[in-house]
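Given next are the chains, with one letter for each unit.
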Amino acid sequence: MRAGFPDFRLGNVLATSFTGTLSERFGDSVERIPVPRRLIDWLAVYGLPVDSCTPEQLDLARELRESIHAAATAAALREALPAAAVEVIDDRSIEGRAAAVLTPEGERRWRLGSASVEDALAVIAADAVDVISGERDGKLALCASPTCRAAFFDTSQSRTRKWCDMNTCGNRQKKARFNAGRSRNEGAR
């Protein structure tokens, strides 16, 4: 990725990966799309290329990100979905023009009506609707890391994943447990 910016945390589920553009929400938060160009970069990684992004469009994207996070968190906790978050997700979904297309390899891709941020956000919002409504096979969960608590979509066979990403939150938590155990053992000598 571009020098000077934190790497993206990439996942297999578009909507929850998008919420990961702000990580460590309950610690020292890391904004992974701090400027419009980074949103363009993130969208390109997910096959949603856009020509440009204004600061206002970045604000729309962040509003959608936070709305998806709020609704996904509520769904994971089996609480009522926040009405304001649902409204933002719905608005972004219907405001864009995009269509699912089939590739010759039999894969689904999105074709944007134009190369606009609004069209790309519509795809992300539509994915959020599928995930949060239970239309996709999997389970919404929250990362077990107390500083992260990211919503993620668990598609593992047992649906018992604890971490949004084993390479970051999972490893950090395992290392902390290891170090705590080592400290207890050294103190017992």
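Because the structure is predicted, anything quoted here is derived from the model rather than measured.

This part covers the overall build of the chain. Each helix and strand in the chain was counted, giving 6 helices and 6 strands. Ordered by position in the sequence, the α and β elements of the chain form the string α-β-β-α-α-α-β-β-α-β-β-α. For the chain, the spread of C-alpha atoms along the three principal axes comes to 70 × 40 × 35 Å. Across the 189 residues of the chain, 41% fall into the buried class. Here the contacts in the chain between residues at least 6 apart in sequence split such that 54% fall between residues at least 24 apart. One finds the centroid of the 27 positive side-chain charges in the chain at a distance of 11 Å from the centroid of its 26 negative side-chain charges.

Time to look at helix α2 (residues 36-45). Of the positions making up α2, those classed as buried are R38, L39, I40, D41, W42 and L43. Contact partners of the buried residues in α2: α1 (14-19), α3 (55-76) and α5 (117-133). Following α2 by one or two positions, G47 has its phi on the positive side, about 75°.

Time to look at the side chain of R159. Position of R159 among the secondary structure elements: in the loop between β6 (151-154) and α6 (166-187). A polar contact is formed between the side chain of R159 and the side chain of D137, at a distance of 2.7 Å. Here T155 takes part through its backbone oxygen, which lies 3.3 Å from a polar atom of the side chain of R159. Among residues more than four places away in sequence, those in contact with R159 are D137, G138, K139 and D154.

Attention now goes to the nonpolar core. Grouped together as the largest cluster of nonpolar side chains are 37 residues, with contacts concentrated most on F18, L39, W42 and I124. Every element with two or more residues in this core is listed here: α1, α2, α3, α4 (83-95), α5, β5 (139-142) and β6. Looking at this core, the element that brings in the most residues is α5, giving 9 residues. When residues no more than four places from it in sequence are discounted, the contact partners of I124 are L14, A15, F18, W42, L43, L48, L64 and I68. If you look at the next biggest cluster of nonpolar residues, it comprises 8 residues, including A141, C143, W163 and C169.

We note that R78 has phi near 60°; this positive angle belongs to a residue other than glycine. When you line up the elements, R78 lands in the loop between α3 and α4. On the accessibility criterion, R78 (74% relative accessible area) is exposed. One non-glycine residue, R149, lies in the positive phi region at around 55°. Note on placement: R149 falls in the loop between β5 and β6.

What follows is about the pattern of salt bridges. One pass over the structure, following the stated rule, counts 11 salt bridges. The salt bridge involving R62 is made with E31; its shortest N-O contact spans 3.8 Å. On the criterion of sequence distance, the pair formed by R62 in helix α3 and E31 in strand β2 (residues 30-31) is long-range, its members being 31 residues apart. Residue class for R62 comes out partly exposed when judged on its relative accessible area of 23%.

The rules behind each value
Residues numbered from 1 in each chain as written. Predicted model: local features only at pLDDT ≥ 70, side-chain atom pairs only at ≥ 80, totals over all residues. Heavy atoms only, no water. Helix = DSSP H or I, 4+ residues; strand = E, 2+ residues; numbered from the N terminus. Buried < 20%, exposed > 50% of the residue type's maximum accessible area, 1.4 Å probe, protein only. Contact = heavy atoms within 4.5 Å. Lys, Arg positive; Asp, Glu negative; His and termini not counted. Charge placed at Lys NZ, Arg CZ, Asp CG, Glu CD. Polar contact = N/O pair within 3.5 Å; in protein donor to acceptor, adjacent residues only side chain to side chain. Core = buried A, V, L, I, M, F, W, Y, C linked by side-chain atoms within 4.5 Å. Salt bridge = Lys/Arg side-chain N within 4 Å of Asp/Glu carboxyl O.

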